[in-house]
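# Structure assessment
So you can see what is in the structure, the chains are spelled out below.
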Amino acid sequence: MLIFIDNKNGVPIYEQIYSQIKTQIISGKLEEDAPLPSIRSLAKDLRISVITTKRAYEELEKGGFIYTAPAKGSFVAKKNTEIIREENLRKIEAHLEDVIRLSATCSLTKDDIISMLNILYEEE
């Protein structure tokens, strides 16, 4: 599991850990029931506070991406297709909001955008 911390981007470190692990789980790079590094081990490897790593793991657990077995560690949870679907819907909505904003700058109508979308679907 690779995690890169960027101290210059302004995003809290726990959020960087959370989003990178979540992305690896959703993409399938981290498989169901795969063990995660211990909180202490990950903190040591990343040279950050154990509290920061613990917060990232807690957020992942709240989101249903990992589970913790007492005295055994943390593991990748079974993929909840509804969580993944919701995540993807949020991403699509964000992209569509970008499309709407961008289309306004070049006077495209809703029908123009729908036509473009239909053409793209036909090409697949």
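Here is what the cut-offs are and how they apply
Residues numbered from 1 in each chain as written. Predicted model: local features only at pLDDT ≥ 70, side-chain atom pairs only at ≥ 80, totals over all residues. Heavy atoms only, no water. Core = buried A, V, L, I, M, F, W, Y, C linked by side-chain atoms within 4.5 Å. Buried < 20%, exposed > 50% of the residue type's maximum accessible area, 1.4 Å probe, protein only. Helix = DSSP H or I, 4+ residues; strand = E, 2+ residues; numbered from the N terminus. Contact = heavy atoms within 4.5 Å. Salt bridge = Lys/Arg side-chain N within 4 Å of Asp/Glu carboxyl O. Axes fitted to C-alpha atoms, helices over the stretch in contact; angles between N-to-C directions. Parallel < 35°, antiparallel > 145°, perpendicular 65-115°, else oblique. Left-handed = near helix turned anticlockwise from the far one by under 90°. Nonpolar A, V, L, I, M, F, W, Y, C, P; charged D, E, K, R; others polar.

## Section: the nonpolar core
Counting 20 residues, the largest nonpolar core has I17, I21, I25, Y57 and I66 as the members making the most contacts within it. Elements with a minimum of two residues in this core: α1 (13–27), α2 (39–46) and α3 (50–62). For this core, the element with the highest residue contribution is α1, accounting for five residues. Each residue touching Y57, except ones within four places of it in the same chain, is listed here: M1, I21, L36, P37, S38, I39, L42, I66 and S74.

## Some remarks on the pattern of salt bridges
For the structure on display, the rule yields five salt bridges. Taking the shortest distance from any N to any O, the salt bridge between K22 and E87 comes out at 3.1 Å. Here K22, found in helix α1, pairs with E87, found in helix α4 (residues 81–105); they are 65 residues apart in sequence, far enough to count as distant. With a relative accessible area of 12%, E87 lands in the buried category. For K62, the salt bridge is made with E59, and the minimal N-O distance between the two is 3.5 Å. Of this pair, K62 and E59 both sit in helix α3, three residues apart, roughly one helical turn. By relative accessible area, E59 is classed as partly exposed at 25%. Bridged by salt links that share partners, the residues K22, E87 and R90 form one connected network.

## A few points about the packing of α1 against α3
The relative placement of two packed helices comes down to the angle between their axes together with the axis-to-axis distance. Orientation of α1 relative to α3, taken along the N-to-C sense of each, is 45 degrees, at an axis distance of 8 Å. Put simply, α1 runs oblique to α3. The crossing of α1 and α3 is right-handed. Contacts from I13, Y14, I17, Y18, I21 and K22 of α1 reach α3 at T52, R55, A56, Y57, E59 and L60. A class-by-class count of the residues in the contact of α1 with α3 yields eight nonpolar, one polar and three charged.

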